[in-house]
Amino acid sequence: MTNVIVYFNEDRSAQGLAGAAANLGGDTRAIRVDGYQIEETLAALVDACRGTDVVLLANDTYSQELAPRLAHRLGGACVGDGTAVQRVDGKIRVTRQVYGGKAQAVIELKRSPAVVWLRARSFDAAPLPEARIDPLQDGAGFRADARDDTRTRIVERNVAEQSATRLEDANVIVSGGRGVGGPEGFLNELQPLADLIGAQMAASRAACDAGWVPPTWQVGQTGKKVAPELYIAIAITGASQHMAGISEAKTIAAINIDPEAPIFKHARFGVVDDYRKVVPLLRQKLAERK
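First things first, this report covers the structure right here in the doc. (Residues numbered from 1 in each chain as written. Predicted model: local features only at pLDDT ≥ 70, side-chain atom pairs only at ≥ 80, totals over all residues. Heavy atoms only, no water.)

## Considerations on the overall build of the protein chain
Then, in step 1: Regarding its fold elements, the protein chain presents 7 helices and 13 strands.
Then, in step 2: Looking at the 290 residues of the protein chain, the share that counts as buried comes to 42%.
Then, in step 3: About 16,100 Å² of surface is accessible on the protein chain, with carbon and sulfur atoms providing 48% of the total. (Helix = DSSP H or I, 4+ residues; strand = E, 2+ residues; numbered from the N terminus. Buried < 20%, exposed > 50% of the residue type's maximum accessible area, 1.4 Å probe, protein only. Areas by Shrake-Rupley, 256 points an atom, 1.4 Å probe, with all protein chains shown as cover.)

Encoded structure:
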């Protein structure tokens, strides 16, 4: 078995994961990336993944950019947003949701390797042994070095502040939609609620497109796919594009002034009222319980 770990130079947690993976057995290689460049990272992955049957990637923008290119260069096949991966009669089958989560498709990949990026929290994390070997120290690791034939270059970097936990990994999410009415609603009403219960903030595409919140908060078909234990949808109607991003949420609670809002068809708990009345009362009750 070959374990390939790709991590960024500043990401210390991923370095620890690379060390732990070295104890799983087989050939472990870690690729160190100093500033992401698609051609350099792709070239390193092609060298590392030759001869493999399956390449599993995470649910992030880098993986989604790399997956189809990597599959093409390795002569394999690619599929994204997988929720299950199985080997049947020597073929790799990937299950993914379609029609906004209303159905599931099982796709058989006929060419090897199968390059699959997975939906976040689709699998329970396997326990890792305590890291004793750093593959970068024992010579098994290598770097994605700069290349002369790169067709893209970084002209500017904008660093956005983000929490320690990725939105895709959050257990509780407080999300707002167009009905919040503006950035003040997110700042003055939703953010205090999220802080009180230790939740991550998110938003619908409409709120992100309006510039009320950062685009990294967007959840939905064209945003991030999340699978929290609790998703609190505030002033979100629940269009199919948004529901495609939260179909794996264990529990959905909705607050919306429209009793006919589609979100209520998917919510386990629902409140029909103006969120400006409900959220302050909810914060008060939660604070009292704490």
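On we go.
## As for the pattern of salt bridges
Then, in step 1: Per the counting criterion, the structure on display carries 8 salt bridges.
Then, in step 2: Note that Arg 166 is salt-bridged to Glu 168, the shortest N-O span being 3.9 Å.
Then, in step 3: Using a relative accessible area of 32% as the deciding quantity, one classes Arg 166 as partly exposed.
Then, in step 4: A salt bridge links Arg 205 to Asp 209, with the shortest nitrogen-to-oxygen separation between them at 3.1 Å. Taken together, the residues Arg 205 and Asp 209, both in helix H5 (residues 205–209) and 4 residues apart, mark about one turn of the helix. (Salt bridge = Lys/Arg side-chain N within 4 Å of Asp/Glu carboxyl O.)

## A word on unusual backbone geometry
Then, in step 1: Here the bond from Ser 112 into Pro 113 is cis, since omega is 5°, no more than 30 degrees from zero.
Then, in step 2: By secondary structure assignment, the location of Pro 113 is in the loop between strand E6 (103–109) and strand E7 (114–118).
Then, in step 3: Here the phi dihedral of Asp 81 falls at roughly 60°; this positive angle occurs in a residue that is not glycine.
Then, in step 4: Counting through the fold element by element, Asp 81 comes out in strand E4 (residues 77–88).
Then, in step 5: Even without being a glycine, Asp 89 presents a positive backbone phi close to 55°.

## Here we look at the packing of aromatic side chains
Then, in step 1: Inspection of every chain in the model, using the stated rule, returns 1 aromatic pair.
Then, in step 2: The interplanar angle of 55° and the centroid separation of 6.4 Å between the aromatic rings of Phe 186 and Trp 217 together place this pair among those described as tilted. In this pair, Phe 186 sits in helix H4 (residues 183–197) while Trp 217 sits in the loop between H5 and strand E11 (230–234), placing the two residues 31 residues apart along the sequence.
Then, in step 3: The class for Phe 186 is buried, based on a relative accessible area of 3%. (Phe/Tyr/Trp six-rings, centres within 6.5 Å; stacked < 30°, edge-to-face > 60°.)

## Observations concerning the side chain of Ser 63
Then, in step 1: Tracing the chain through its elements places Ser 63 in helix H3 (residues 61–74).
Then, in step 2: We classify Ser 63 as buried; its relative accessible area is 7%.
Then, in step 3: Engagement of the side chain of Ser 63 in a polar contact is seen with the backbone oxygen of Ala 58, the distance being 3.1 Å.
Then, in step 4: When neighbours within four sequence positions are excluded, Ser 63 is seen to be in contact with Leu 57, Ala 58 and Trp 117. (Polar contact = N/O pair within 3.5 Å; in protein donor to acceptor, adjacent residues only side chain to side chain. Contact = heavy atoms within 4.5 Å.)

## A look at the sheet that holds strand E5 (residues 91–98)
Then, in step 1: Here we have 5 strands laid out as an open sheet, ordered E3-E7-E4-E5-E6, and mixed in their pairing. Where the open sheet ends on each side, the last strands, each with one partner, are strand E3 (54–57) and E6. Geometrically, the sheet is characterised by an average inter-axis angle of 40° between neighbouring strands, direction not taken into account.
Then, in step 2: Of the strand pairs in this sheet, E5 and E6 are connected by 7 bridges, and their pairing is antiparallel. Note that in E6 the partner of Val 94 across the bridge is Ile 107.
Then, in step 3: The sheet contacts of H3 involve E3, E4 and E7, and relative to E7 the element is tilted by about 170°. (Pairing = 2+ DSSP bridges. Axes fitted to C-alpha atoms, helices over the stretch in contact; angles between N-to-C directions.)

## Observations regarding the packing of helix H2 (residues 38–49) against H3
Then, in step 1: Packing of H2 against H3 brings their axes to within 10 Å, and their N-to-C directions diverge by 50°. When the interaxial angle is binned, H2 and H3 end up oblique. Note that H2 runs across H3; the crossing there is right-handed. Contact residues: Ile 38, Thr 41, Leu 42, Leu 45, Val 46 and Cys 49 in H2; Glu 65, Leu 66, Arg 69, Leu 70, Arg 73 and Leu 74 in H3.
Then, in step 2: Looking at side-chain class alone, the contact of H2 with H3 contains 8 nonpolar, 1 polar and 3 charged residues. (Parallel < 35°, antiparallel > 145°, perpendicular 65-115°, else oblique. Left-handed = near helix turned anticlockwise from the far one by under 90°. Nonpolar A, V, L, I, M, F, W, Y, C, P; charged D, E, K, R; others polar.)

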